[in-house]
Amino acid sequence: MDGGPAERRRRGGRPLAVEGKRRTRGITVRLTDEEYAAWERAATSAGYRQTAAWVRDVVAAALEGRALVRGVGLPREVLLFVAELRHLGNEIIREGNNLNQVARFMNATDGEVPKYAARLLPLVRRNQEMVLDLLERIRAAAGSMPDSAGPDR
């Protein structure tokens, strides 16, 4: 083994982009301060942290002739629920990463529990309560919607 890039083992972090899917090209769009602020507000209200990701999704949806569900024409309550769900999802992903680190540590040390492991349980419980609370709020909001609100009703 010569330790070349193909033989090196990745140790975490963001996975490499699939060849051919890596974004290598950029486009510049000039906006006024007001337009820029409006685009940022639209992206944020649609649950995006990056305006560029929102722009990519809006343009991709338009090119495919479909409506962008994440933020276009949806009531503000729904957008807030989506943003909250996205936040909770990110929190749960972080907790999962921490639990994986605990498991890796325990496997490497014949079952020794790391000191920081005890801090994870309250975080998991808090997020569980937040998910259940949000689910109840979504159910209540859905119950107050008229029957013609969606095609499946």
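All values reported here derive from a predicted model rather than from experimental measurement.

J.: Sorry if this is basic, but what is going on with the overall build of the chain here?
T.: Across its full length, the chain carries four helices and zero strands. The linear arrangement of helices and strands in the chain, starting from the amino end, is α-α-α-α. Put simply, the chain has 153 residues, and 14% of those count as buried. Long-range pairs, those at least 24 residues apart, make up 41% of the contacts in the chain between residues at least 6 apart in sequence. Approximately 12900 Å² of the chain is accessible, and the part contributed by carbon and sulfur atoms is 55%.

J.: Please explain the confidence of the model for the chain as it appears in this structure.
T.: As a note on interpretation, predicted positions should not be read in detail where pLDDT is low. Of the residues in the chain, 75% reach a pLDDT of 70 or more, and the chain-wide mean stands at 77. Under a pLDDT of 50 for its full length, residues 147-153 has, in the predicted model, four contacts with residues more than four places off or in other chains.

J.: Please explain a nonpolar patch on the surface as it appears in this structure.
T.: The grouping of Ile-27, Val-29 and Trp-39 at the surface amounts to a nonpolar patch, some 330 Å² of accessible area in total. Relative to the helices and strands, Trp-39 resides in helix 1 (residues 33-45).

J.: Hey, could you run me through helix 2 (residues 51-63) in this one?
T.: Along an α-helix, residues three or four positions apart point the same way, because every turn accommodates 3.6 residues. Helix length check: helix 2, at 13 residues, gives a terminal C-alpha distance of 18 Å against a target of 18 Å (1.5 Å per residue), a fit within 8%. Residues of helix 2 that are buried make contact with helix 1.

Calculation criteria
- Residues numbered from 1 in each chain as written.
- Predicted model: local features only at pLDDT ≥ 70, side-chain atom pairs only at ≥ 80, totals over all residues.
- Heavy atoms only, no water.
- Helix = DSSP H or I, 4+ residues; strand = E, 2+ residues; numbered from the N terminus.
- Buried < 20%, exposed > 50% of the residue type's maximum accessible area, 1.4 Å probe, protein only.
- Contact = heavy atoms within 4.5 Å.
- Areas by Shrake-Rupley, 256 points an atom, 1.4 Å probe, with all protein chains shown as cover.
- pLDDT = per-residue confidence, 0-100.
- Patch = residues over 30% accessible without salt bridge, like charges linked within 9 Å, V, L, I, M, F, W, Y side chains within 5 Å.
- Salt bridge = Lys/Arg side-chain N within 4 Å of Asp/Glu carboxyl O.
- Expected span 1.5 Å × (residues − 1).

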